[in-house]
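One-letter residues, chain by chain:
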Amino acid sequence: MKTILPYFCLILFALVTISACQTSQPQQENKEQTKPATTTTSSTPTNPRTDSLIMVFNEGQALFNQNCLQCHTTNKERMIGPGLLGVLERREVGWVTAFIKNSQKLIASGDSIAVALYNEYNKTQMQSFALNQEQMQSLLFYLANLGRKQSEYITLDELPKIKKK
Ligand code: HEC
């Protein structure tokens, strides 16, 4: 222990000196960097609303790719199930939610749209998905915004605007 101690002190001293130097230098750099940094942000303004919606979209896309992509396209082409582009323009959000949660239950309840789809797709069963509320919201947001520009994303509250009667 006695032999290690001097080295230890030396290393400690060296570390303190290095860190002291490191903290003083960036401060100066920061001052210089402040101006260019603000000019970049003002020339390319980022919209906080768009930024957070992009995050929701990406989360929804990840869920879709994991769970739905094997049967559904994100355009209008049918695969094992219907293409889902514009699905929230042709269906109510509550209906889509119920169908994703448990399509068999909806079909069994005699819902005319669900029954017709089931027959049209040769009685292929779509399994149930136990998603939590946040995941469901992201997934629906993703479906609602397929093919839309990021700056034109609409929230689920705005869905009635695009709903086709
Ligand atoms: C095993 C294949 C399969 C998977 C996986 C699947 N689906 Fe389906 N989906 C279908 C089929 C087939 C239909 C047509 C109705 C039926 O046969 O029940 C359908 C219908 C739908 C409909 C109704 C479409 C319309 O035009 O009204 C929606 C919405 C839907 N699926 C969403 C999803 C979502 C979201 C996921 C992922 C969480 C998913 N599906 C995963 C096969 C699948």
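What counts and how
Sequence order as written defines residue numbering, which begins from 1 separately in each chain. In keeping with the predicted nature of the model, local features appear solely for residues at pLDDT of at least 70, side-chain atom pairs appear and are counted solely at 80 or more, and the whole-chain, interface and lining totals rest on all residues. Near, as applied to residues and a molecule or strand, means the residue's backbone-placed C-beta atom lies within 6 Å of it. Numbering goes from the N terminus for both helices and strands, where a helix is a DSSP run of H or I of at least four residues and a strand is a run of E of at least two. Note on residue classes: Ala, Val, Leu, Ile, Met, Phe, Trp, Tyr, Cys and Pro are nonpolar, Asp, Glu, Lys and Arg are charged, and everything else, Gly too, is polar. The exposure scheme places C-beta atoms from the backbone and then counts, for each residue, the other C-beta atoms within 10 Å of its own, assigning buried at 20 or more, exposed at 12 or fewer, and partly exposed in between. Throughout, a residue-residue contact means that the two C-beta atoms, derived from backbone geometry, are no farther apart than 7 Å. For helices, the fitted axis covers only the stretch in contact; all axes are lines through C-alpha atoms, and the angles between them, taken along N-to-C directions, range from 0 to 180 degrees. Throughout, the term roughly parallel applies to angles under 35 degrees, roughly antiparallel to angles over 145, roughly perpendicular to angles from 65 to 115, and oblique to all others. Multiply 1.5 Å by the residue count of a helix minus one, and that product is the helix's expected span. Throughout, bend refers to the angle between the axes fitted to the seven residues that end at a position and the seven residues that start at it. A set of buried Ala, Val, Leu, Ile, Met, Phe, Trp, Tyr and Cys residues, joined through C-beta atoms within 7 Å, is what we mean by a nonpolar core. pLDDT is a residue-level measure of predictor confidence that goes from 0 to 100.

(A) Quick look at the site of the ligand. Inspection of the region around the ligand gives 22 residues, with Cys68, Cys71, Gly81, Tyr121 and Met126 positioned closest. Listing elements by their share of the shell around the ligand, those giving two or more residues are α4 (93-108) and α5 (112-120). With four residues, the single largest contributor to the shell around the ligand is α4. Split by residue class, the shell around the ligand holds 15 nonpolar, six polar and one charged.

(B) The arrangement of the environment of Ile54 in detail. As for its position among the elements, Ile54 is in helix α2 (residues 48-67). Measuring from C-alpha to C-alpha, the distance between Ile54 and Ser151 comes to 9.3 Å, with 97 residues separating the pair along the chain.

(C) Geometry of the environment of Leu88. Inspection of the secondary structure assignment puts Leu88 in helix α3 (residues 87-90). Residue class for Leu88 comes out buried when judged on the 23 C-beta atoms lying within 10 Å of it. Residues in contact with Leu88, not counting those within four places in the same chain, are Val93, Val96, Leu143, Ala144 and Leu159.

(D) Highlighting the packing of α2 against helix α6 (residues 133-144). Two elements in contact, α2 and α6, have axes separated by 7 Å at closest approach and are oriented at 95°. In terms of axis orientation, α2 runs roughly perpendicular to α6. Contacts from Val56, Phe57, Glu59, Gly60, Gln61, Leu63 and Phe64 in α2 reach Gln135, Ser138, Leu139, Phe141 and Tyr142 in α6. Tallied by class, the residues present in the contact of α2 with α6 amount to seven nonpolar, four polar and one charged.

(E) Highlighting α4. An ideal rise of 1.5 Å per residue puts 22 Å on 16 residues; α4 reaches only 19 Å between its terminal C-alpha atoms. Along its length, α4 reaches its greatest deviation from straightness, about 115°, at Asn102. Among all positions of α4, only Val96, Phe99, Ile100, Ser103 and Ile107 are buried. Summarising the contacts, the buried residues of α4 are in contact with α3, α5 and α6.

(F) Fine view of unusual backbone geometry. In this structure, Asn122 takes a positive phi of about 50° despite not being glycine. Mapped onto the secondary structure, Asn122 falls in the loop between α5 and α6.

(G) Up close: the nonpolar core. The biggest cluster of nonpolar side chains holds 16 residues, and the ones touching the most others in it are Val96, Leu140, Phe141 and Leu143. Elements represented by at least two residues in this core include exactly α2, α3, α4 and α6. Tallying contributions element by element places α6 first for this core, with six residues. With near-sequence residues (within four places) excluded, Leu140 lies in contact with Val93, Val96, Thr97 and Leu156.

(H) The arrangement of the confidence of the model for the protein chain in detail. Overall, the prediction assigns the protein chain a mean pLDDT of 83, with 72% of residues at 70 or greater. Low confidence marks residues 16-21, where pLDDT is under 50. Its contacts with residues over four positions away, or in another chain, come to zero contacts. The low-confidence segment residues 23-42 (pLDDT under 50) makes zero contacts with residues lying over four places distant or belonging to another chain.

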